[in-house]
Amino acid sequence: MSWLNRVRNSLGFGDQKTSTEKDLWIKCPNCQEMLFVSDYEENLHVCPKCGHHGRINADTRLKLLLDEGFELLPVPEVTEDPLKFKDSKKYTDRLKAARAKSPYADAFITGSGAIDGQPAVVGVQDFSFMGGSMGMAVGEAFCQAAQKALDRNCAYVVVTAAGGARMQEGILSLMQMPRATVMTRRLKAAGLPYIVVLTDPTTGGVTASYAMLGDIHIAEPGALIGFAGQRVIQDTIREQLPEGFQRAEYLHKHGMVDMVVPRSELKERLSQVLEFLQPKAAA
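So, how was this worked out
Residues numbered from 1 in each chain as written. Predicted model: local features only at pLDDT ≥ 70, side-chain atom pairs only at ≥ 80, totals over all residues. Heavy atoms only, no water. Helix = DSSP H or I, 4+ residues; strand = E, 2+ residues; numbered from the N terminus. Disulfide = S-S within 2.5 Å. Pairing = 2+ DSSP bridges. Contact = heavy atoms within 4.5 Å. Axes fitted to C-alpha atoms, helices over the stretch in contact; angles between N-to-C directions. Buried < 20%, exposed > 50% of the residue type's maximum accessible area, 1.4 Å probe, protein only.

Engineer: Could you clarify how one ought to interpret the environment of Thr79 in this entry?
Structural biologist: With respect to the element layout, Thr79 can be found in the loop between strand S3 (71-72) and helix H5 (91-100). Sequence-wise, Thr79 and Arg231 are 152 residues apart; in three dimensions their C-alpha atoms are separated by 35 Å.

Engineer: Looking at this structure, I do not really get the state of the cysteines. What am I missing?
Structural biologist: Between two cysteines, a covalent bond joining their sulfur atoms is known as a disulfide. Enumeration over the complete set of coordinates arrives at zero disulfides. For the unlinked cysteine Cys28, the closest cysteine sulfur is that of Cys50, found at 3.6 Å. Summary of cysteine pairing: Cys143 is not part of a disulfide, and the nearest cysteine sulfur, belonging to Cys154, is at 16 Å.

Engineer: Before we go on, may I ask you to explain the sheet that holds strand S4 (residues 108-115) in this structure?
Structural biologist: Within a beta sheet, neighbouring strands are joined by backbone hydrogen bonds and run either parallel or antiparallel to one another. Strand order in the open sheet made by the seven strands is S3-S4-S5-S6-S7-S8-S9, with mixed pairing throughout. With partners counted over all chains shown, the strands left at the sheet margins are S3 and strand S9 (259-260), one partner each. With four bridges joining them, strand S7 (residues 194-202) and strand S8 (residues 216-219) adopt parallel strand pairing. When the bridges of S8 are listed, Val197 appears paired with Ile218. The strands touched by helix H6 (residues 136-152) within the sheet are S3, S4, strand S5 (118-125), strand S6 (155-162) and S7, with S4 carrying the most contacts at an inclination of about 20°. In the packing of helix H12 (residues 263-277) onto the sheet, contacts are made with S4, S5, S6, S7, S8 and S9, and the angle to S7 comes to roughly 150°.

Engineer: It is not clear to me how unusual backbone geometry should be interpreted in this structure. Could you clarify?
Structural biologist: Leaving glycine aside, a negative phi is the common case for residues, and trans is the common case for peptide bonds. The step from Asp200 to Pro201 runs through a cis peptide bond, and the omega angle for that step is -10°. By the secondary structure assignment, Pro201 is in strand S7. One non-glycine residue, Gln32, adopts positive backbone phi at about 65°. Located in the positive-phi region is Asn153, a residue other than glycine, with phi close to 55°. In this structure, Asn153 sits in the loop between H6 and S6.

Engineer: Teacher, can you tell me more about the pairing of S7 here?
Structural biologist: Every other side chain in a regular strand lies on the same face of the sheet, so the side chains alternate between the two faces. Within S7, nine of the nine residues are buried, which leaves the element mostly enclosed by the surrounding structure. In this sheet, S7 lies alongside S6 in parallel orientation, the contact comprising six bridges. Residue pairing for S7: Val159 is matched across the bridge by Val197.

By themselves these figures say nothing about function.
Here you go:
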């Protein structure tokens, strides 16, 4: 190391350069193209070169879909660490670490408002919070938001992104699957639309429950959607799976997804769907 570099580093210039580069650039995980962060964010976290749809947090998603002035619903309080679970870390420590990186207490955030004037309650799963895993807090938030839609007599839109059930809560996390299913049946009985937007990734117990019970299923381009992983399936059936298996376009082609919609067109398309499905007032 030259004396000039030693002086620069001792004064903090080296760290400043690294931080600036990190703040200015991002590499697309699909095409490996280096992009300006400002351009990437302005393009809704979609790569302008290859169209790869990056993951976005709950705040960004709610602002993208709901009109200004929406109401953010409170995250419900549930019993934390009911099983006193510990693996390489305590479950309570994992929750603290996740909350230190997030403005919210858990992985499912809900808002009540309108989508281009169409009344709706929107629930968003945030993959950045413990992989969007479904525990008691997620299940309770899902059910409370569904009840809000019933009270408002409006549509319920859920944006999924999850690695599945939260193993640290064991059977209590799996019980959220039937609870959520019951609420989707209540919405159906009331004649209210339940629409699911599948984003990358949507897997495990979430796919096995409320993610696949919508009246309409919309997916973002390239989203991974499935229950078990591709390698697990291949090892089980001893067959080579087709290219693009479990991706949004493949599932659309084979009838599991109704439409694949780019993020920039998602709000407009949801508004169109809601206009058709929303219950009309009696003349």
